[in-house]
Amino acid sequence: MKSTNIALRGLGFIAIALVIIFPFWVTSTANPESYLNVMITAGTSAVLTLSLNICMGYGGLLSLAHTGMQMMGGYAIGLAMLNYDIDPWIGIFIAAAASTLFSILMITISLRATYLYFGMITLAANLIAMESFRTALGNDGMITELYRPAWHGEDLTTRQFYFLTIGILAIAYLIQRNTILSGFGRATMALRESTDTASALGVSPNAQRVKIFAIAGGLAGVAGAILAMQGSFMSPEIGDMGGGLIFFVGLFLGGVGTLIGPVAGVALIAAIDFEIRFSGAYRTLILGALLLLCMMVLPRGIVGTYRASRAGSPRELEEEPDTTGEEIITVSNPVVGATAIEAIDVVKHFGGIKAVDGVSISIKSGRVHGIIGPNGSGKSTLVSCLTRYHQLTSGEVKLFDAQMPATPFKVARAGVTRVFQIPHLFERVSVRDNVLTGMYLQEKYTWIEAVLRLPRYFITTRAEEKQAAALLHLVGLGKKSEIAAANLSHGQKRLLEIVRAVSARPKVLILDEPATGLTQGELDALHNLILFLKNQGLAVVLIEHNVEFLMGLADVVTVLESGKVIAEESPEAVRNDPRVIEAYLGRSDISELMGE
Amino acid sequence: MNLQALFDGLFSGAIYGLVALTLTITYQPTRIMNFAQGETFVLGAAVGFEIIGVRKWPWPVGLAIMLVIAVIMGLVMERMVILPVQLSGSRFAWIIATLAAALIFQSIFSLRYIGDTLSFPPLIEKTFAVGSARISAQQIIAIVVSLLIIGIYDQFLRRTIHGRAMRATAHNPDTAIILGIPTKRIVVGAFVGSAVLGALAGFLWCPENGINPATGLSFTISGFTAAVIGGVGSPRGALFGGLIVGLLNSVAGAIFGGIASGIAVFVALGLILVLKPAGLFGKPIEGH
Amino acid sequence: MLLEIKDLTVAYGGAKALDNLHIGIEEGEFVVLLGANGAGKTTTLRSISGLLKPASGEIIFEGRDLVKTQSFRRSELGIAHVPEGRQIFPDHTVAENLQLGGFTVRRDVAKVNSAIDEVFQLFPRLAERREQKAGTLSGGEAQMLAVGRALMGQPRLLMLDEPSLGLAPRLVIEMFGYLKRLHKEKGLTILLVEQQARLALQISQRGYVLERGVVAISGTSESLKDDPAGVAAYLGHAG
């Protein structure tokens, strides 16, 4: 372990120790209650900021309804105890359930909405919820005389309530951490980077978004419950966006999409807030200015900046990890020579443009099928049709004699994985985590198992990590497994993407121009990897411009021009086929046509 | 049919349409939906309140001062939003920056006008009775001015070279640059223009309904809802979206009472997003 | 030398798209830039017109370093760029697209109008579609419009990025015929990026073959036409 890590861990222990002795330390001051209340408020903010971090930082879902979710939780516990005399301990769970429901409702309505609309809908829902409580409850929506839970027959003292808050914060942090460091979390982050890539790995975009938003909602509801019990009231103003600014500032100051960033950011803000607490209306002004400043000066936040720095980022390993004895399996149940994908007369029109115009193609297991053709000849469109990223205008696609599923993520689940023309790596996470993300489809443990760290999580994770190490060793990236993928060379990134794709153990792998921009050494590594996969029984579709590269690999080559197949033959035949040369280089008898 | 609700709906609808237009103007070249847009609305109200309401200076002077301050606010806002967006690199940068700008302006207004309701006397103190309903001269002026501005802007976009260049920039900034169109200046111009029109909307609104200095964000939302219903990017869409929001608000409120008005608009928004995501007059807008 | 590129390096997140590139074009020349996908052809054009900021190097146009010139000012200096995929404005009419091409000379209405007339003379088919939305044009017409739009600002250097992309062979020949005429009759300096190597070498005077961001081969079009190594590099045989 590096010395900086030890120092950081020490810092963490000191912080935890301070938080624990804090209530005993302030008893000697004139007004210990007020200090404790400041800390309780900060703790509540931290829980809410963690929730915001889960949905915005990791899920990429812009939520402007977090104050509303919190208000929803506060009202749920408040109304439960006032109207139904429900015990506050149970009320906390009711609060979590209520705001989970609220967030599920919001996201279900707005799943079809694009990014911008999504945020606005959450904001509108927030306002509607505030307005509803204000109108429906009377007294401007204010409910009072809420009380704290009891312990041994007595309501919790402020000091006990402080420890309750800190405990809940710790649990919230663990939920966040265990969620993110699991297949569930990796799928969420994949979705944040690119819906297409996540689908190609078998993640259902809509289902995953609903789940992550629901988790965020539940945490926010708990924060609302603490807030209601602490202040013994709840009002629609709690849902106001202006009050929610502090969470955004905390999140951005600490670092969006980092585990501890939200807590660190809120702690810092709480300290600043404590200093300016008597400035009243200047508070929003100062926080707003701080937020803008932070975006310009520290765009990654404190923790994010540290992680990106030399001291904070993991180094390359000294030597390749030992992976002997680990069998590499990249394909499940191969039947060499069987027809994997059968496309019949596929047509795809965009407006008036016939991008794919009646293509039939048959792709077999254990073979490399090359597809070449000039720019704009329809290669990428064809594979998008095969994998359902495009709806067909007409034609039919079959996978192992069955109908190809209708959506990209179902295609992936059926065993067809693709690697896109533009690299779509998860740049900020480690090389190994990129590979682990690809294993999403094989993970059988549930979110609950991951959060509670039950045995199945550990067994699966250990097996996955071994397999990932072996795969990385295969392409010579073993030493780099800890570093962020962003630090790899272009060619290494391409190799990693392919490794990630095959870690899902697909039956068909589609590669779109993987050789572009690779050095000779990287080309050789790519060549060997594709040969290895082919020999394992995978059907490989290889779209490539580099004909020389294709020659040594492809068993058969399909040549496309203007959306039509102009030839399908062996690589040697393609090389000398005048039709192919003409498609690529233009006609040689042109001078006559040009009237010379 | 409640005629009063119709008049009130037309008035607020025209103003919402104007706010929707200002959101559209900055959205087109930048792909930023400016949360601070509603603050320009409050600015117009505040200047009117201070100059015409408190100091009792004549209307034209108030209007002139308002325009000058609005230009300055547009320039400041452009820097406050664009600079963090450029430096941050986060996909949420635009929303956080505009939200921060909104809250900064909001607290400035709240500090200066603490406890005040921003309102001032109308240009013409006259009210017409139509049956049992009443419509004020101020409402008529506001409706006419909003319609005129939206119409003029529509023609500006279609008929002038700068308007066409703006549309070109919105469609494809890279190609606009290689044709020599100064896209950065267009962005500054869009912020200034939308600040001026936003302030004008507030200036027209306040004699009729005073506002609290902290309500800028709710006008942003009304304008956004109008823009989405009409179709982001189209002035005609802004107008029709505004009218739909205004009328739904007042008619649903008159028939079913307060809470129904907000819910009616929300339902309309939801329906549009599901049935016609591009809005009534718009083309689909790309995500960020 | 009208345009001289010296030591130009452009990188996308670590990967070098251009690596110390050297290229020069004389006034009145017709030069073609060939190479496989990802060789750096489009990057070169985008650097010249200012859509990309180079990591290092100079782009000298008429003695002036373009790297230090704001992007939108370069078209005023006489650089016209017909981007890949045409990028016409589909919601504007044909005439409006041309008018936007003349944005830098917009104050001189007579000049704009005579330039539009000249474009219509060159491409009579566009004149018929004058008031039509550009989005309704066929591929060949859209390419004509893109070229016409670039000519509106009276450029000194016309750069075209794969004008043949997605066009039927007959239309490609027609398009190349127009380019040849522009060069011969108007003396326009042309820098052409092409896939259709043989055809491009027919109408140009000189050529460069790029490979991974550097010039692999260069010479007169005549000499490149029959150079098997050049063709090989193009199909990705080399390396």
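### Some details on the overall build of chain A
Working step 1: Across its full length, chain A carries 24 helices and 14 strands.
Working step 2: Principal axes of the C-alpha set define a box for chain A whose edges measure 95 × 55 × 50 Å.
Working step 3: In chain A, which comprises 596 residues, the proportion classed as buried is 51%.

### A short note on the interface of chain A and chain B
Working step 1: Contacts between chain A and chain B engage 34 residues on the former and 39 residues on the latter.
Working step 2: Contributions of two or more residues to the side of chain A that touches chain B are made by α5 (115–137), α10 (241–254) and α12 (282–297) of chain A.
Working step 3: Element by element, the count of residues in the side of chain A that touches chain B is highest for α5(A), at twelve residues.
Working step 4: Here the side of chain A that touches chain B is composed, by residue class, of 25 nonpolar, seven polar and two charged.

### With respect to the environment of B:Asn172
Working step 1: With respect to the helices, strands and loops of the structure, B:Asn172 is situated in the loop between α6 (161–171) and α7 (173–178).
Working step 2: A tally of 17 C-beta atoms within 10 Å means that B:Asn172 is categorised as partly exposed.
Working step 3: Sequence separation between B:Asn172 and B:Ile114 is 58 residues; the distance between their C-alpha atoms is 45 Å.
Working step 4: Setting aside anything within four residues of it in sequence, one finds B:Asn172 in contact with C:Gln87 and C:Phe89.

### Quick notes on the sheet that holds strand β1 (residues 3–12) of chain C
What holds strands together in a sheet is hydrogen bonding between their backbones, with the strands either parallel or antiparallel.
Residues and elements named next belong to chain C.
Working step 1: What the four strands build is an open sheet, ordered β2-β1-β4-β5; its pairing is antiparallel. Two strands close off the open sheet at either side, each with one partner strand: β2 (15–25) and β5 (64–65).
Working step 2: In the sheet, β1 pairs with strand β4 (residues 56–61) via five bridges, with the strands oriented antiparallel. Residue pairing in the sheet places Thr9 in a bridge with Ser56 of β4.
Working step 3: The strands that helix α1 (residues 41–49) touches are β1, β2 and β4; relative to β2, the one it contacts most, it runs at about 70°.

### Some words on the domain arrangement of chain A
Residue and element names in this part refer to chain A.
Working step 1: When the domains of chain A are assigned, the result is domain 1 (33–239), domain 2 (241–310), domain 3 (339–424 + 505–593) and domain 4 (426–487).
Working step 2: A straight line from the C-alpha centre of domain 1 to that of domain 2 covers 20 Å.
Working step 3: Counting only elements with at least two residues in the side of domain 1 that touches domain 2, the list comes to α2 (32–58), α3 (66–83) and α6 (158–180).
Working step 4: By residue number, the principal contributor to the side of domain 1 that touches domain 2 is α2, which donates twelve residues.
Working step 5: Residue classes in the side of domain 1 that touches domain 2 are distributed as twelve nonpolar, eight polar and one charged.

Analysis parameters
Position labels on residues start from 1 in each chain and follow its written sequence. Chain labels run from A onward and ligand labels from 1 onward, assigned in the order the entries are written. Given that this is a predicted model, residues contribute local features only at a pLDDT of at least 70 and side-chain atom pairs are listed and counted only at 80 or more, while totals for whole chains, interfaces and linings are drawn from all residues. The helix and strand labels rest on DSSP assignments: H or I over at least four residues marks a helix, E over at least two residues marks a strand, and numbering proceeds from the N terminus. Counting other C-beta atoms within 10 Å of a residue's own tells you its class, since 20 or more makes it buried, 12 or fewer makes it exposed, and anything in between is partly exposed; those C-beta atoms are placed from the backbone. Two residues qualify as a contact pair if the distance between their C-beta atoms, derived from the backbone, is within 7 Å. When residue character is reported, Ala, Val, Leu, Ile, Met, Phe, Trp, Tyr, Cys and Pro are called nonpolar, Asp, Glu, Lys and Arg charged, and the others, Gly included, polar. Note on pairing: DSSP must find at least two bridges between two strands before they are called paired. Here the axes come from fitting lines to C-alpha atoms, over the contacting stretch only for helices, and the angles between their N-to-C directions go from 0 to 180 degrees. An automatic or database domain assignment supplies the residue ranges for each domain.

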